[in-house]
Amino acid sequence: MSIIDSPTVVIYEGDEPQSLLIRKCKLLMVSGPQPGSETIINRDLFTIGAHKHNDLVVEDTTVSGNHCEIQLVSDGFLIRDLQSTNGTFIQGIRISEGFLEEGSEFRLGKCKFIFCPLKESTKVEISQEDHYGKLIGKSASMKRVFQIAETYAPTDVTVLITGPTGTGKELMASEIHAHSKRAAKPFIVVDCSALSRGLIESELFGHTRGSFTGAMSDRKGAFESAHGGTIFLDEIGDLSKDLQPKLLRVLENKEIRRVGSNDIRKVDVRVLAATHRRLEMDVNSGRFREDLYFRLSVVKLHIPPLGDRKEDIPRMIERFVDALGDASPDKRKAVADRVLSMFPDYDWPGNVRELRNVVERTFHAINSAIEFDPFLMAERVGSSADVAGASSEPLFVDGALRPFKEAKEQLINQFERGYIARLLDTNSGNISQSAREAQIERAYLQRLIKKHALKDG
C-alpha cells in the first residue's frame with residue numbers, strides 16, 4: 001500500500017510508464033437506504049445507480065438505473081450525471097458534471113453522500129508495450145488500454161469499445177480478433193448506423209428468397225458469415241429498438257433465424273461492439289435496452305481522445321509517414337517538425353483520423369510552394385478566437401458597421417463553410433458518417449455541401 005497526495009501517480013522507468021497508482025476514496029452515505037455505510041472507490045471509473053451491475057448499487061426509487069459515475073482524471077475526481085431522472089447535485093446545485101473536493105456533499109435523488117479522498121492508493125498494472133498490433137501509444141492511458149486488450153483478447157468474452165469518433169475503435173476490434181484464438185477465422189464488420197432500418201435485420205441474420213421485395217435468393221447474414229470467428233458491431237448505439245431483443249437472443253442462445261424462415265441455425269461467434277455514444281444515458285432514456293447493454297459490456301474498453309494523450313503524437317506521425325512510402329530522413333523530420341510546430345496546443349477534435357489527414361497533406365506538400373497555414377491545414381472553427389478573427393473585418397465597410405442582417409449572414413456562412421469542410425475532412429468525405437457526427441440530417445448536410453460548393457455533384 002502506497003501513500004500519495006495527487007489523484008494519480010505514474011511510475012516511470014526511464015521514459016516509459018510502468019504502472020499507475022490510483023488514489024482511493026471513500027463515499028459515506030449520509031441519507032438513503034443505508035445511512036452511515038461506507039464504500040471505497042479504488043478504480044479510475046466508478047459507477048453508481050439502482051441497477052445491480054453498478055459498482056455501488058443504491059436501492060432507492062429516486063435513483064436511476066445508471067445514475068452517475070465518478071471518474072479519475074488528471075485534474076481530480078469528476079462526477080458526471082448520466083442523464084438521470086432526478087439529477088445529480090453538488091452542494092445543492094444540479095450539475096451535468098463537476099469536480100468533487102474533500103468533504104463535498106452530493107445528492108442522487110433523495111440519497112446524500114460525503115466524498116472523502118484517502119491517503120491510500122491502489123496499484124494498476126499497464127502494458128509494458130508501446131503498441132498493440134497497429135495501435136501505438138506510450139502514454140499511460142493507452143498502455144492501460146493495451147493491458148485490457150492483452151488480457152481479454154485470448155478469451156471469448158464480449159467487449160464494448162467506446163471512445164470519440166476517430167480514435168480507432170474498429171482498428172482495436174480488428175487487433176483483438178487478430179490476437180485471439182479465432183484469428184484464422186472470419187472477422188466480419190457491420191456498421192449499424194450505415195444500413196437502413198429495413199435492411200439491418202437481413203444484414204445481421206440473412207434472409208430467404210422472396211422474404212421481401214428484392215430478395216431474389218437465399219442469403220447468409222453477418223452472423224452466419226462470421227461462424228467460427230468474430231463479428232464487430234460498429235456504432236451499436238444506433239441499432240433500432242425493435243432489433244435489440246433479437247440481437248440479445250443471439251448473444252444468449254448462439255442461434256439465429258433468417259428473415260422469412262422458421263429454421264433455427266446455430267452460430268459460433270464472438271461479438272465485439274463499439275459506439276461513440278454514452279449507452280448508459282441511452283439506457284436511462286429507454287432508447288437502449290438495459291439487458292442488452294450489460295450483455296455487450298462484459299468488458300468495457302475506452303479509447304481516450306488524442307487531446308488527452310498528446311505525448312503519443314510524435315510516434316504516430318512517424319508511423320503515418322512510414323505508411324505513405326519511402327522518405328528520406330530529412331523529409332521525415334521535416335514533416336514531423338512542421339506538424340508539431342503548427343499545432344502545439346491543438347486538441348485534435350478529429351482525433352487520430354484528423355492527425356493522419358494532416359500528416360498526409362503535409363507529406364505531399366512539404367517541398368512545394370504551398371504556403372502553410374495551420375488554420376487551413378486543420379480547418380479549425382468554433383473557438384472564440386477563430387470566430388473573432390474570421391468575422392471582425394467583414395463587419396465593417398469603410399469604417400462603418402455593416403447592417404446587422406448582412407453581417408450576421410456572412411458570419412453564419414463563414415461558420416458553415418469552415419465547419420462542414422472540417423467535418424468532411426475528418427470523416428474522409430463520408431457524408432453519412434459526417435451527418436451522424438454532427439447530429440444533423442443527411443439531406444440537410446448535402447444542402448450545405450452544395451450551398452458552399454464543397455464537393456462536386
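The structure this text deals with has already been given above.
Residues numbered from 1 in each chain as written. Predicted model: local features only at pLDDT ≥ 70, side-chain atom pairs only at ≥ 80, totals over all residues. Heavy atoms only, no water.

*Asks:* Let's hear about the nonpolar core: which residues, and what values?
*Replies:* Core analysis: the biggest nonpolar cluster contains 30 residues, and F223, I231, L233 and I236 have the highest contact counts within it. Contributing elements (two or more residues each) for this core: α3 (197–205), α4 (222–225), β18 (230–234), α5 (244–253), β21 (270–275), α6 (279–285) and α7 (290–296). Those residues in contact with I231 that lie beyond four places of it in its chain are I188, V190, A222, F223, A226, V269, R270, V271 and L272. Membership of the second largest hydrophobic core comes to 27 residues, among which are I41, V63, C68 and F77. (Core = buried A, V, L, I, M, F, W, Y, C linked by side-chain atoms within 4.5 Å. Buried < 20%, exposed > 50% of the residue type's maximum accessible area, 1.4 Å probe, protein only. Helix = DSSP H or I, 4+ residues; strand = E, 2+ residues; numbered from the N terminus. Contact = heavy atoms within 4.5 Å.)

*Asks:* Give a description of the layout of surface pockets that names residues and reports values.
*Replies:* Where empty space is left can be seen by rolling a probe of water-molecule size over the atoms. Approximately 830 Å³ is the volume attributed to the second largest pocket. Along its surface, the second largest pocket is lined by 30 residues, and G166, G168, L171, R353 and R356 are the ones closest to its centre. Where the lining of the second largest pocket is concerned, the elements lending two or more residues are β15 (135–136), α2 (169–178), β17 (187–191), α8 (313–323), α10 (351–365) and α14 (431–438). (1 Å grid on protein atoms, 1.4 Å probe; cavity = no way out; pocket = protein on both sides within 12 Å on 5 of 7 lines; lining within 4 Å. Points joined across faces, edges and corners; volume = space filled by probe spheres on them.)

*Asks:* Help me get a handle on the packing of α8 against helix α9 (residues 329–342), residues and values and all.
*Replies:* Running from N to C, α8 and α9 point in directions that differ by 135°, and their axes come no closer than 10 Å. In terms of axis orientation, α8 runs oblique to α9. Between α8 and α9 the crossing geometry is right-handed. Contacts from I313, P314, I317, V321 and D322 in α8 reach R332, V335, A336, V339 and L340 in α9. A class-by-class count of the residues in the contact of α8 with α9 yields eight nonpolar, no polar and two charged. (Axes fitted to C-alpha atoms, helices over the stretch in contact; angles between N-to-C directions. Parallel < 35°, antiparallel > 145°, perpendicular 65-115°, else oblique. Left-handed = near helix turned anticlockwise from the far one by under 90°. Nonpolar A, V, L, I, M, F, W, Y, C, P; charged D, E, K, R; others polar.)

*Asks:* Tell me about unusual backbone geometry, and please be specific about residues and values.
*Replies:* Backbone geometry at Q91 places phi at a positive 50°, although glycine is not the residue there. Take Q91: it is sitting in the loop between β9 (88–90) and β10 (93–95). Residue K254 is not a glycine yet carries a positive backbone phi of 55°. Position of K254 among the secondary structure elements: in the loop between α5 and β19 (255–256). K254 gets classed as partly exposed once you look at its relative accessible area, which sits at 33%.

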